[in-house]
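In case you want the letters, here they are:
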Amino acid sequence: MKATGIVRRIDELGRIVIPKEIRRTLRIREGDSLEIFTDREGEIILKKYSPLGELSTFSADYAESLAASTGDIVCITDKEKVIAAAGNGKKNLLEKTISSQVQSAMEAREEILASAEEKRYRRVIAEQDEEYLFQAVCPILCEGDVVGSVILLTKDPKKKFGETEKMLARTAAGFLGRQMEQ
């Protein structure tokens, strides 16, 4: 753990202000949920809460199954990062921060089906160093709120994405959203 040198007092209602610099660095925005942990030494640990994180094992299994049946790269994200990835090249994506382009598309509830040459194409992760030829992106909705996305990708020039891949991403997103509601 790293000390910041910042000290804050707890107010009469038990609240504490997280400094703006730390919120900006950790990408914590107004309305974000934080999970609270304690340890034996009396430390309080705050961690950004990801509702999809609770389904991470299930999401990973689902991504593996979808990748095996399609031959594509499959990513499942929460609102910040890739929480599950499967297929050839998953190591370059797993646990990486998603791009602001994908975040904006999710928040707008936009479904994307695009090739790398199209204007609608979005970089998947912030530090993406490789291009995927086609992508299908669909937001995951839980009780009306966007909680993540399902992304199908391919580098195979022989495979052109169409409505089938878009429908697969939409189906996976719908299924995961319903699993979270239970």
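Above this text you will find the structure in question.
Below you will find a few notes about this structure. Keep in mind the model is a prediction, meaning the values are calculated, not measured.

1. Some thoughts on the nonpolar core
Thought 1: Judged by nonpolar contacts, the single largest core of 23 residues is most densely connected at Ile76, Ile140, Val150 and Leu152.
Thought 2: Taken together, the elements giving at least two residues each to this core come down to α2 (56-70), β3 (73-77), β4 (82-86), β6 (134-142), β7 (145-154) and α4 (163-181).
Thought 3: Non-local contacts of Ile76, meaning those with residues more than four positions away in its chain, are made with Ser59, Ala63, Lys81, Val82, Ile83, Ala84, Ile140, Ser149, Val150 and Leu176.

2. Side note on unusual backbone geometry
Thought 1: Despite not being glycine, Glu95 shows a phi value in the positive range, around 70°.
Thought 2: The residue Glu95 is located in the loop between β4 and α3 (100-107) in this model.
Thought 3: Taking the relative accessible area as the measure of exposure, Glu95 reaches 46% and is therefore partly exposed.
Thought 4: Positive phi values are uncommon outside glycine, yet Arg109 reaches one of about 55°.
Thought 5: Considering the arrangement of structural elements, one finds Arg109 in the loop between α3 and β5 (112-115).

3. Brief notes about the packing of aromatic side chains
Think of a pair of aromatic rings as described by two things: how far the centres are apart, and how the planes are tilted against each other in angle.
Thought 1: Under the defined criterion, the tally for this structure stands at three aromatic pairs.
Thought 2: Taking 5.4 Å as the distance between ring centres and 20° as the angle between the ring planes, the aromatic pair formed by Tyr62 and Phe175 counts as stacked. On the criterion of sequence distance, the pair formed by Tyr62 in helix α2 and Phe175 in helix α4 is long-range, its members being 113 residues apart.
Thought 3: Judged by its relative accessible area of 30%, Phe175 is partly exposed.
Thought 4: Through a chain of ring-to-ring contacts, the aromatic side chains of Phe58, Tyr62 and Phe175 assemble into a single cluster.

4. Things to note about the sheet that holds β7
Thought 1: Ordered in space as β4-β3-β7-β6-β5, the five strands form an open sheet in which the pairing is antiparallel. Every other strand in the sheet has two partners, leaving β4 and β5 as the edge strands with one partner each. Ignoring which end each strand starts from, the neighbouring axes of this sheet average 15° apart.
Thought 2: As judged from the four bridges shared by β3 and β4, these two strands associate in the antiparallel manner. In the strand pairing of β4, Thr77 is matched with Val82.
Thought 3: Along the sheet face, α2 touches β3, β4 and β7 and points at about 30° away from the line of β4.
Thought 4: Against the sheet, α4 touches β3, β5, β6 and β7, its axis set at about 25° to β6.

5. With respect to α4
Thought 1: The end-to-end C-alpha distance of α4, which contains 19 residues, comes to 27 Å, matching closely the 27 Å that a straight helix rising 1.5 Å per residue would cover.
Thought 2: What α4 keeps buried is the set Glu165, Lys166, Ala169, Ala172, Ala173, Leu176, Gly177 and Met180. Taken end-on, α4 shows its buried residues confined to a sector of 130°, consistent with a single buried face. More than 90 degrees from the buried face of α4, the exposed residues found are Glu163 and Thr164.

6. Considerations on the packing of α2 against α4
Thought 1: Remark: α2 packs on α4, axes separated minimally by 12 Å, with the N-to-C direction vectors making an angle of 160°. Taken together, the axis directions place α2 and α4 in an arrangement best described as roughly antiparallel. The interaxial crossing formed by α2 with α4 has right-handed handedness. Contacts between α2 and α4 involve Phe58, Ser59, Tyr62, Leu66 and Thr70 from the first element and Leu168, Thr171, Ala172, Phe175, Leu176 and Gln179 from the second.
Thought 2: Along the lines of polarity and charge, the residues of the contact of α2 with α4 split into seven nonpolar, four polar and no charged.

7. Some points on the pattern of salt bridges
Thought 1: Using the criterion set out here, one finds 10 salt bridges in the structure.
Thought 2: A salt bridge links Glu110 to Arg122, with the shortest nitrogen-to-oxygen separation between them at 3.6 Å. Here Glu110 is found in the loop between α3 and β5, whereas its partner Arg122 is found in the loop between β5 and β6, with 12 residues between them in sequence.
Thought 3: One salt bridge in this structure joins Arg123 and Glu131, with 2.8 Å as the shortest N-O distance.
Thought 4: Assessed through its relative accessible area of 41%, Glu131 is described here as partly exposed.

The rules behind the values
- Residues numbered from 1 in each chain as written.
- Predicted model: local features only at pLDDT ≥ 70, side-chain atom pairs only at ≥ 80, totals over all residues.
- Heavy atoms only, no water.
- Core = buried A, V, L, I, M, F, W, Y, C linked by side-chain atoms within 4.5 Å.
- Buried < 20%, exposed > 50% of the residue type's maximum accessible area, 1.4 Å probe, protein only.
- Helix = DSSP H or I, 4+ residues; strand = E, 2+ residues; numbered from the N terminus.
- Contact = heavy atoms within 4.5 Å.
- Phe/Tyr/Trp six-rings, centres within 6.5 Å; stacked < 30°, edge-to-face > 60°.
- Pairing = 2+ DSSP bridges.
- Axes fitted to C-alpha atoms, helices over the stretch in contact; angles between N-to-C directions.
- Expected span 1.5 Å × (residues − 1).
- Arc of directions from axis to C-beta.
- Parallel < 35°, antiparallel > 145°, perpendicular 65-115°, else oblique.
- Left-handed = near helix turned anticlockwise from the far one by under 90°.
- Nonpolar A, V, L, I, M, F, W, Y, C, P; charged D, E, K, R; others polar.
- Salt bridge = Lys/Arg side-chain N within 4 Å of Asp/Glu carboxyl O.

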